[in-house]
Amino acid sequence: GGGRAGTMGKESKPRKASMMIMRTGSNRLNMSSDDLGGLGLDFNNTSQNKVADEIDETLRKEEKIRVSGNACAHGLLRDVLDISSTLEEGAAAIVDDSFTRCFNKASLGNWNFNAYLLPFWVLGVLLRYFVLFPLRLAWLLASFVVLNILFALSRLIMPKGALKLRVERKLVQLIAVCWVASWSAVIICHGPKPTPSKGRVWVSNHTSMIDWIVLSQVTPFAAVMQKHPGWLGLVQTFIMDGFGCIYFNRKSAKDRDKVARTIKEYVKNDGSFPLLIFPEGTCVNNQYSTMFKKGAFDLDCAVCPIAVKYNKIFVDAFWSSRQQSFTMHLFELMTSWAVVADVYFLEPQYRREGETSIEFASRVQAMIARKARLKVVPWNGMLKYFKPSPKLCEQKREIFGSAIKKRLKEDKDFPREAVETREGKT
């Protein structure tokens, strides 16, 4: 099931969702998205190696400060402080690992196998994999090829004008409908449907690449998205380019300014297809909402929130690109009984007087999370691409070990022979 709306921050504290908390030792590094550049977390401006090195260096400095800060303690209090940070760090990793939970795929419940349920289970597997899947695949391939040929012909043959634009919109919408039909999807829409217009941008929570398809079968969207390799990249290049989609490469620092300029120009001058942005920047499991990037809220235009909530009764629509290819993700969807989702089109929001782009982003995020029943967490979702290096872990052990040996030497009640014996063994 989804998160609880009651756990979200209120509008009176809009910065809550824009804070990042990194636990190191007994302290916490609390960083707003304004301060991410200070830790190298501006992923569009620095390389991944530099980001990882700066994170490691910050953690090392904080650990040394913690150890030196305990040097003035004495007796029992000093001994407790020596281990309290380690205990907190371990407990936090086990109990409060809200970051990892954002990217965990839902596990299927176990069947209660017995003599009368097993035949139905086997029948369901045979029907889904050997009847529904071949029919869905044949339908998808045939309709996708035909509609894309028509789309290409419309771009080559038809003169520019309102008629051509209407034809292209309808063809894109039909392509999305064919994809949705291949999953036997049940999509329930709430609120007024989007209409193309200048000076507006649409933002949504992000669960999978299929989010764009689910929304485009209602109204065709041009989207800002990651450029993917393989056949998916070919579809982006030769088809989705045709109606204004904007691509970026998160590993390239040069893309940031170019993409930002393209988005601003599109919003200001081009209203042929509504522009859709996923401010989280990565797929989250539809139970949590990670920190919204402020770029989409710094365009001086109306922001139209969209909340997408998937029902996991038949299949989990979350796509973890690090664990599963998009082809296997589609196979999982097409071999399920159905994809069920609710889509909420919310009222346009405008930046209030004196409100920063970060506060604006947090306010819109709270609206989406409340409607989609998501739990807001103060994490930058891009951190899932980074992990502490083995060198950092070893250095933390050395710092902790040095602190323990220093305490033992200073403790008059501890036999000096035991200290020297332990040092000789190490």
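My aim in this report is to walk through the structure given alongside it, one point at a time. Fair warning: this is a prediction, and the values are worked out from it, not measured in the lab.

So, the overall build of the protein chain
Part 1: Secondary structure assignment for the protein chain yields 12 helices and 11 strands.
Part 2: Within the protein chain, contacts between residues separated by at least 24 positions form 75% of all contacts whose residues are at least 6 apart in sequence.
Part 3: Accessible area for the protein chain stands at about 22400 Å²; split by element, carbon and sulfur atoms hold 60% of it.

Considering the packing of helix H4 (residues 118–157) against helix H9 (residues 326–334)
Part 1: The contact between H4 and H9 brings their axes to 10 Å, and the two run at 120 degrees. Looking at the two axes, H4 sits oblique to H9. Of the residues in H9, those in contact with Tyr129, Phe133, Arg136, Leu137 and Leu140 of H4 are Phe331, Leu333 and Met334.
Part 2: Considering only residue class, the contact of H4 with H9 consists of seven nonpolar, no polar and one charged.

Structural notes on the nonpolar core
Part 1: Counting 89 residues, the largest nonpolar core has Trp183, Trp212, Ile263, Leu275, Leu276, Phe297 and Ile306 as the members making the most contacts within it.
Part 2: If we skip the residues at most four places from it in the chain, Ile306 touches Trp202, Val203, Ser204, Asn205, Leu215, Phe221, Leu276, Val343, Tyr344, Phe345 and Ile368.

Some thoughts on the packing of aromatic side chains
Part 1: Taken as a whole and assessed by the stated rule, the structure comprises eight aromatic pairs.
Part 2: The interplanar angle of 80 degrees and the centroid separation of 5.1 Å between the aromatic rings of Phe133 and Phe331 together place this pair among those described as edge-to-face. Of this pair, Phe133 sits in helix H4 while Phe331 is found in helix H9, placing the two residues 198 residues apart along the sequence.
Part 3: On the basis of relative accessibility, which here comes to 30%, the residue Phe331 falls in the partly exposed class.

Observations concerning the packing of H4 against helix H5 (residues 162–181)
Part 1: Two elements in contact, H4 and H5, have axes whose closest approach is 10 Å; the angle formed by their N-to-C orientations is 170 degrees. Classified by the angle their axes make, H4 and H5 are roughly antiparallel. The element H4 and its partner H5 pack so that their crossing is left-handed. In contact with Trp139, Leu140, Ser143, Phe144, Leu147, Asn148, Leu150, Phe151, Ser154 and Arg155 of H4, H5 contributes Lys164, Val167, Glu168, Leu171, Val172, Leu174, Ile175, Cys178, Trp179 and Ala181.
Part 2: Counted by class, the contact of H4 with H5 contains 14 nonpolar, three polar and three charged residues.

Some thoughts on the pattern of salt bridges
Part 1: Applying the stated criterion across every chain yields a total of four salt bridges.
Part 2: A salt bridge links Arg351 to Asp298; the nearest nitrogen and oxygen atoms lie 3.2 Å apart. One end of the pair, Arg351, is in the loop between strand E10 (340–345) and helix H10 (357–372); the other, Asp298, is in the loop between strand E8 (288–289) and strand E9 (302–311), with 53 residues separating them in the sequence.
Part 3: Taking the relative accessible area as the measure of exposure, Arg351 reaches 36% and is therefore partly exposed.
Part 4: The shortest N-O distance in the salt bridge between Arg363 and Glu355 comes to 2.9 Å. Both residues of the pair, Arg363 and Glu355, count as buried.

Looking at the environment of Ile246
Part 1: Position of Ile246 among the secondary structure elements: in strand E6 (residues 246–248).
Part 2: For Ile246, a relative accessible area of 7% corresponds to the buried category.
Part 3: Apart from residues no more than four positions distant in its own chain, Ile246 is found in contact with Ala223, Val224, Met225, Val259, Thr262, Ile263 and Leu275.

Some remarks on unusual backbone geometry
Part 1: Phi at Ser184 takes a positive value of approximately 50 degrees, unusual for a residue other than glycine.
Part 2: Along the chain, Ser184 turns up in the loop between H5 and strand E3 (186–190).
Part 3: Judged by relative accessible area, Ser184 falls into the partly exposed class, the value being 32%.
Part 4: Of note, Arg373 is a non-glycine position whose phi angle comes to about 60 degrees, a positive value.
Part 5: Following the sequence through the fold, Arg373 ends up in the loop between H10 and strand E11 (375–376).

A closer look at a nonpolar patch on the surface
Part 1: Nonpolar side chains collect at one region of the surface, where Leu118, Trp121, Val122, Leu126, Leu127, Tyr129, Phe130, Val131, Leu135, Ile313, Phe314 and Trp337 lie side by side and expose about 1100 Å² of accessible area between them.
Part 2: Mapping Val122 onto the fold places it in helix H4.

Points about the sheet that holds strand E4 (residues 200–204)
Part 1: Strands sit in the order E3-E10-E9-E4-E7-E5-E6 across an open sheet of seven strands; the sheet is mixed. This sheet does not close on itself; its edge strands, each paired only once, are E3 and E6. Averaged over neighbouring strand pairs, the angle between their axes works out to 25 degrees when direction is ignored.
Part 2: As judged from the six bridges shared by E9 and E10, these two strands associate in the antiparallel manner. Along E10, the bridge assignment pairs Val308 with Val343.
Part 3: Each of E4, strand E5 (222–226), E6 and strand E7 (275–277) touches helix H8 (residues 255–269); the most contacted strand, E6, lies at about 165 degrees to it.

What counts, and where the lines are drawn
Residues numbered from 1 in each chain as written. Predicted model: local features only at pLDDT ≥ 70, side-chain atom pairs only at ≥ 80, totals over all residues. Heavy atoms only, no water. Helix = DSSP H or I, 4+ residues; strand = E, 2+ residues; numbered from the N terminus. Contact = heavy atoms within 4.5 Å. Areas by Shrake-Rupley, 256 points an atom, 1.4 Å probe, with all protein chains shown as cover. Axes fitted to C-alpha atoms, helices over the stretch in contact; angles between N-to-C directions. Parallel < 35°, antiparallel > 145°, perpendicular 65-115°, else oblique. Nonpolar A, V, L, I, M, F, W, Y, C, P; charged D, E, K, R; others polar. Core = buried A, V, L, I, M, F, W, Y, C linked by side-chain atoms within 4.5 Å. Buried < 20%, exposed > 50% of the residue type's maximum accessible area, 1.4 Å probe, protein only. Phe/Tyr/Trp six-rings, centres within 6.5 Å; stacked < 30°, edge-to-face > 60°. Left-handed = near helix turned anticlockwise from the far one by under 90°. Salt bridge = Lys/Arg side-chain N within 4 Å of Asp/Glu carboxyl O. Patch = residues over 30% accessible without salt bridge, like charges linked within 9 Å, V, L, I, M, F, W, Y side chains within 5 Å. Pairing = 2+ DSSP bridges.

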